[in-house]
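Chain by chain, the residues:
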Amino acid sequence: MNPMGETIIPVVGFVAPSGSGKTTLVRQVVAVLGGRGRRVGYLKHAHHRFDLDVPGKDSYEVREAGAQQTLLASKARWALQVQNPVQGEDPDLYRMLSRFELERLDLILVEGFKHADYPKIEVHRSATGEAPLYPGDPGIIAVATDGPLAVEPPLVVLPLNAPETVADFILSHLDDIRLRIAS
């Protein structure tokens, strides 16, 4: 952490339409990076309502009764659920990143937040028929794809089915993908 209460940490996102294989690639890249001794954080933008708890459990019932924050803890892990004060508004990427224990991480991989301004790798699967995002998003620094692109991008093209290559790309660009996160 620097004196201004900020931490500088590498952050890179994976963006694509649903069904393109973002989660599969992220899971594989996390395994590669973890195998290389990197401490990886993961932030996923969910477009739907979700719960970490289930109806009928004590913590669920207390949260439903009005608790603004609920912390579930066990010997193995803990999870903090915080009610969003503004319903219907997408969460802010930087605010969510600041919730991590950044001193315990080497880098953070983000899935989604495609409209935020930060370094991203586009996952493009030609079989989906979706138009690529990279022409309209200057934050995209590479495209991981399983086939040729209609318009060759002026950026790095990575093989979608080679998580080791994607991990190598991320590690070779750590200085380029550092973000300042307020603590």
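Placed above this text is the structure.
Asks: For this particular structure, what's the right way to read the overall build of the chain?
Replies: Check the secondary structure of the chain and you find four helices and nine strands. Reading the chain from its N terminus to its C terminus gives the helix and strand order β-α-β-α-β-β-α-β-β-β-β-α-β. Principal axes of the C-alpha set define a box for the chain whose edges measure 55 × 40 × 30 Å. The buried share among the 183 residues of the chain stands at 38%. In the structure as shown, the chain presents an accessible area of about 10900 Å², 53% of it carried by carbon and sulfur atoms. The distance from the centre of the 19 positive side-chain charges to the centre of the 23 negative ones in the chain is 5 Å.

Asks: Explanation requested: unusual backbone geometry in the structure shown.
Replies: For residues besides glycine, phi is generally negative; the peptide bonds are generally trans as well. With a phi close to 55°, Phe 113 is a non-glycine residue in the positive phi region. Within the fold, Phe 113 resides in the loop between β5 (107–111) and β6 (120–124).

Asks: What should I look at first to understand the side chain of Lys 120 in this one?
Replies: Relative to the elements of secondary structure, Lys 120 occurs in strand β6. Not counting chain neighbours up to four residues away, the residues in contact with Lys 120 comprise Val 12, Gly 13, Val 15, Lys 114, Asp 137, Gly 139, Ile 140, Ile 141 and Ala 142.

Asks: Before we go on, may I ask you to explain the pattern of salt bridges in this structure?
Replies: Once the charged atoms of two side chains with opposite charge are near each other, the side chains can pair. Summed over all chains, the structure comprises nine salt bridges. A salt bridge links Glu 64 to Arg 63; the nearest nitrogen and oxygen atoms lie 3.5 Å apart. The exposure class of Glu 64 is partly exposed, given its relative accessible area of 41%. Classification of Arg 63 as buried rests on a relative accessible area of 7%. The partner of Arg 178 in a salt bridge is Asp 175, with the nearest N and O atoms 3.3 Å apart. Assessed through its relative accessible area of 38%, Arg 178 is described here as partly exposed. Judged by relative accessible area, Asp 175 falls into the exposed class, the value being 64%.

Asks: I keep staring at the environment of Val 62 and nothing clicks. Help me out?
Replies: In this structure, Val 62 sits in helix α2 (residues 58–64). Put simply, Val 62 and Tyr 94 are 32 residues apart on the chain and 29 Å apart in space, counted from C-alpha to C-alpha.

Asks: Help me understand the nonpolar core in this model?
Replies: Nonpolar side chains tend toward joint burial in soluble globular proteins. Formed by 22 residues in total, the largest nonpolar core has its most connected members in Phe 14, Leu 25, Val 29, Leu 109, Ile 121, Val 166 and Ile 170. For this core, the secondary-structure elements that each account for two or more residues are β1 (6–15), α1 (22–35), β5, β6, β7 (140–145) and α4 (163–172). Residues within four places of Leu 25 in sequence aside, it is in contact with Phe 14, Val 123, Ala 144, Leu 160, Pro 163 and Val 166. Counting residues in each nonpolar core, the second largest holds 18 residues, with Val 11, Tyr 118, Ile 140 and Ile 181 among its members.

Asks: Mind showing me how you'd approach a nonpolar patch on the surface here?
Replies: Taken together, the side chains of Leu 71, Trp 78, Leu 80 and Val 82 present a nonpolar region at the surface, about 410 Å² in accessible area. It is strand β4 (residues 78–82) that provides the largest number of residues to the nonpolar patch, a total of three residues. Its location among the elements puts Trp 78 in strand β4.

Asks: Sorry, what's going on with α1 here?
Replies: Residues lying three or four places apart along an α-helix face the same way, a consequence of the helix completing one turn every 3.6 residues. Taking 1.5 Å of rise per residue, the 14 residues of α1 would be expected to cover 20 Å, and the 20 Å separating its terminal C-alpha atoms lies within 8% of that figure. Those residues of α1 hidden inside the fold are in contact with β1, β2 (40–44), β5, β6, β7 and α4. Gly 37 sits one or two residues past α1 and shows a positive phi near 85°.

Asks: Which parts of the structure should I look at to understand α4?
Replies: Residues Pro 163, Val 166, Ala 167, Phe 169 and Ile 170 constitute the buried set of α4. One face of α4 carries all of its buried residues, which in axial projection span an arc of 155°.

Rules used in this analysis
Numbering of residues starts from 1 in each chain and follows the order in which that chain's sequence is written. Local features are withheld for residues below a pLDDT of 70 in this predicted model, meaning they are given only at 70 or higher, and side-chain atom pairs are given and counted only at 80 or more; totals for whole chains, interfaces and linings count all residues. Here the side-chain values reflect all heavy atoms present in the structure, with hydrogen atoms and water set aside. We count a stretch as a helix when DSSP gives it H or I for four or more residues in a row; a strand needs E for two or more, and each element gets its number in order from the N terminus. Only protein chains enter the calculation, and the probe is 1.4 Å; a residue is then buried if its accessible area is under 20% of its type maximum, exposed if over 50%, and partly exposed in between. Calculation of accessible area relied on Shrake-Rupley with a 1.4 Å probe; when residues are assessed, cover is drawn exclusively from the protein chains displayed. This count recognises Lys and Arg as positive and Asp and Glu as negative, with His and chain-terminal groups excluded. We put the charge of a Lys on NZ, of an Arg on CZ, of an Asp on CG and of a Glu on CD. The contact criterion used is simple: two residues touch if any of their non-hydrogen atoms lie within 4.5 Å. Salt bridge, as used here: a side-chain nitrogen of Lys or Arg that lies within 4 Å of a carboxyl oxygen of Asp or Glu. As used here, the term nonpolar core means buried Ala, Val, Leu, Ile, Met, Phe, Trp, Tyr and Cys residues forming a set that is joined through side-chain atoms within 4.5 Å. Within the patch definition used here, like charges are joined within 9 Å and nonpolar side chains (Val, Leu, Ile, Met, Phe, Trp, Tyr) within 5 Å, considering only residues with over 30% relative accessible area and no salt bridge. Working rule for helices: expected span equals 1.5 Å times residues minus one. Arc definition: it is the arc formed by the directions from the helix axis to the C-beta atoms.

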